[in-house]
Amino acid sequence: MSVGEIRVAINSDQDIVSARQKGRAMASELGFSSGDATLIATAISELARNIVSYARKGQITLKGVHGSSRVGIVVIASDDGPGILDIRQALRDGFSTSGSLGLGLPGVRRLMDEFEIDSQPGRGTIVAVKKWRQ
Amino acid sequence: MPRREGTPTPPDPKRTEEPSELLRELVAHLRQNRTQLREEWVVRITETRLLTAMTKEEIFAEATSVYDSYVEALETEAFEALQAYARNLSERIIPRGVETHEVVGIVLLLRDVLARSLFAKYQNDFKKLNRILDAYEPAANRIANTVAVGFVQERERVIRQQQEAIRELSTPVLQVRERLLILPIIGVIDPQRARQLTEQLLRGIRTNRAKVVVIDITGVAAMDLTVANNLVQTVEASRLLGATVIVTGLSPEIAQTLVTIGVDLGKMNTVGDLQGGIEQAERLLGYKVEKLAEPR
Amino acid sequence: MEVPILKQGAVLIATFQAALSDADLNQLRMGLVQQVVKFRSRAVIVDVTAMDVMDSFASRTLREIAHMIRLRGAETVIVGIQPEVAFAMVQLGLTLEGVATALDLEEGLAYLNEKFKTTS
Ligand SMILES: Nc1ncnc2c1ncn2[C@@H]1O[C@H](COP(=O)(O)OP(=O)(O)O)[C@@H](O)[C@H]1O
Ligand SMILES: [Mg+2]
């Protein structure tokens, strides 16, 4: 089985829905349980929404990873937006610069198995997350 | 010596054979002596007290198939068929309690039996014997490896499957009366099991249209922070499905853990013991709870 | 995609058809509040059975809807959250605190009936 790479351009809130639907489909194809596929789709939704809310446009890349003994999915959200001033602060539950819930980034971290973020003010943001099949 | 096109190479004792040629010779030898070598192997298996869970006839039947697949793998240098056979064999013998060392053991025995017959055959041509063994050894080791890995993988799969089944069994979601579920949790909960319990319960709420759930954790000795968090999440997720959760059998230690992670115990519905929890659940469901008369 | 709003007695029922975009959610919020006022409804049921994902934006919108409707004297019940969606929500930290929930439409209506009986 080989699942390639899928890129979804994120330009509006409509794209959030299609990104997470594609993510769910890929997760199912990789053999994730439907419960896990829902967690993955939810994480994609949060990351894509941050792109729309803070960077206006960017993209979500989805790909399967085949390790020696396990299978996983990688979700990469990248944009050339304003970047994040204080990453540690942004990862805290309830922190938001837009007056919303501030649960997106810390929540995505809980939903997925691996979480990496790279962002600098004025240089955009990349969030890469991974989940392994049980 | 230059070779001319079209003419077969004449036998030349000084010429060094290709390893594949040697293997072909080897394979022919093993085919010719199949009956005798297989018999020898089976005797060695029984002597070494391997595969004791199987009858003589069964051992003989399996030995025949393994022998043939073995020779075929040597000949074709393709291991897929052998691999498939190893997996299939493992699937059949694992339930009978055959251990990993036995499977590895019989393959190594076969390797020895065959090596000995090569010693016997080529004892007068020492150089050739060496070359044959050089060709044979790596192939034989790869075969042993293939079979062992196939067995171990199959065994792991079976163990995983059994663990899964035990988990499902060890924590049933019980419907004690209409709209009321009880989840008695016993034993050690790790995050993986906690996740499973939660999913099981949430599905149970939906299929049974439960309105109240009693989670009894009397049988849970300890809870680390992660699992305590999972418990809280289970309570919250159940509410999202419209069900009220009552937690019973909370030990002081676990209560302390919950407070540590910031749970407001006043908001969580806790009742001392399971009986009390069921009574409260029935009240919530609108049943009249009648106390049994005290025995005089 | 529009969210149809049904009127059943004193109750308004909004059914989410599929995955909704933010714009749909915002539209729903406006529509519901207007109709609660117009029909003097006592309660609103939002049926989210068809939602594949409930992220923080959707969750916040639902809470805001419930809040605005409460300010107009009516109650909101969210029904039909799927088990897997509920699991993902609590992982994110979304609990819809302060908003009533029920298993499905039938349960939501039963809950409201019970409530109206005791309060009126
Ligand atoms: N892609 C991004 N570009 C710029 N800033 C971001 C991005 N994603 C997140 N942030 C910042 O991190 C904060 C926390 O994000 P999040 O946890 O998703 O909460 P929320 O979106 O509710 O504010 C945001 O308020 C924003 O300041
Ligand atoms: Mg966000």
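Basis of the calculations
- Residues numbered from 1 in each chain as written.
- Chains lettered and ligands numbered in written order.
- Predicted model: local features only at pLDDT ≥ 70, side-chain atom pairs only at ≥ 80, totals over all residues.
- Heavy atoms only, no water.
- Helix = DSSP H or I, 4+ residues; strand = E, 2+ residues; numbered from the N terminus.
- Buried < 20%, exposed > 50% of the residue type's maximum accessible area, 1.4 Å probe, protein only.
- Core = buried A, V, L, I, M, F, W, Y, C linked by side-chain atoms within 4.5 Å.
- Contact = heavy atoms within 4.5 Å.
- Buried area = accessible area lost by both parts, 1.4 Å probe.
- Salt bridge = Lys/Arg side-chain N within 4 Å of Asp/Glu carboxyl O.
- Polar contact = N/O pair within 3.5 Å; in protein donor to acceptor, adjacent residues only side chain to side chain.
- Near = heavy atom within 4 Å.
- Areas by Shrake-Rupley, 256 points an atom, 1.4 Å probe, with all protein chains shown as cover.
- Nonpolar A, V, L, I, M, F, W, Y, C, P; charged D, E, K, R; others polar.
- Expected span 1.5 Å × (residues − 1).
- Arc of directions from axis to C-beta.

When you go through chain A residue by residue, the secondary structure sums to four helices and five strands. Along the chain direction, N to C, the helices and strands of chain A fall in the order β-α-α-β-β-α-α-β-β. Projecting the C-alpha coordinates of chain A onto the three principal axes gives extents of approximately 40 × 25 × 25 Å. Looking at chain A residue by residue over its 134 residues, the buried ones come to 49%.

For the rest of this paragraph, the subject is unusual backbone geometry. One non-glycine residue, A:Arg56, lies in the positive phi region at around 70 degrees. Relative to the helices and strands, A:Arg56 resides in the loop between α2 (34-55) and β2 (58-66). Residue class for A:Arg56 comes out exposed when judged on its relative accessible area of 66%. Of note, the phi angle at B:Leu51 is positive, near 55 degrees, even though the residue is not glycine.

Within the largest apolar cluster, 97 residues are counted, with the highest numbers of intra-cluster contacts made by A:Ile60, B:Ile205, C:Phe16 and C:Ile81. At eight residues, the largest contribution of residues to this core is made by α2(A). In contact with B:Ile205, not counting residues within four places along its chain, are B:Leu181, B:Ala210, B:Val213, B:Ser238, B:Leu241, B:Ala243 and C:Leu103.

What follows is about the interface of chain A and chain C. Each partner contributes residues to the interface: chain A has 25 residues there, and chain C has 20 residues. Across the interface of chain A and chain C, roughly 1900 Å² is buried in total on both sides, 54% from carbon and sulfur atoms. For the chain A face of the interface with chain C, the top three residues by lost area are A:Arg20, A:Arg49 and A:Leu101, together amounting to 26%. Across the contact surface, chain A and chain C share three salt bridges. The closest approach of N and O atoms between C:Asp52 and A:Arg20, which form a salt bridge, is 3.4 Å. Counting across the chain A and chain C interface gives nine residue pairs in polar contact (both at pLDDT 80 or more). Secondary-structure elements contributing two or more residues to the side of chain A that touches chain C are α1 (13-29), α2 and α4 (104-111) of chain A.

Now for the site of ligand 1. All names here are of chain A. Tyr-54, Ser-96, Thr-97, Ser-100 and Gly-102 are the nearest of the 18 residues found near ligand 1. Asn-50 has a polar side-chain atom sitting 2.8 Å from an oxygen atom of ligand 1. At 2.7 Å from an oxygen atom of ligand 1 is found a side-chain nitrogen or oxygen belonging to Tyr-54. For ligand 1, the accessible surface in isolation is 530 Å², of which the surrounding protein chains cover 93%. Breaking the shell around ligand 1 down by element, the ones donating at least two residues are α2 and α4. It is α4 that contributes the most residues to the shell around ligand 1, three residues altogether. Classifying every residue of the shell around ligand 1 gives eight nonpolar, nine polar and one charged.

Residues and elements named next belong to chain B. Considering the arrangement of structural elements, one finds Thr-35 in helix α2 (residues 34-47). Residue classification places Thr-35 among the exposed positions, given a relative accessible area of 55%. Along the sequence, Thr-35 and Ala-144 sit 109 residues apart, while their C-alpha atoms lie 21 Å from each other.

Residues and elements named next belong to chain B. Given a rise of 1.5 Å per residue, 14 residues ought to cover 20 Å, and the 20 Å separating the end C-alpha atoms of helix α1 (residues 19-32) matches this to within 8%. Taken together, the buried positions of α1 are Leu-22, Leu-23, Leu-26, Val-27, His-29 and Leu-30. Axial view of α1: buried residues confined to an arc of 160 degrees, hence all on one face. Residues Arg-24 and Gln-32 are exposed on α1 and point more than 90 degrees away from its buried face.

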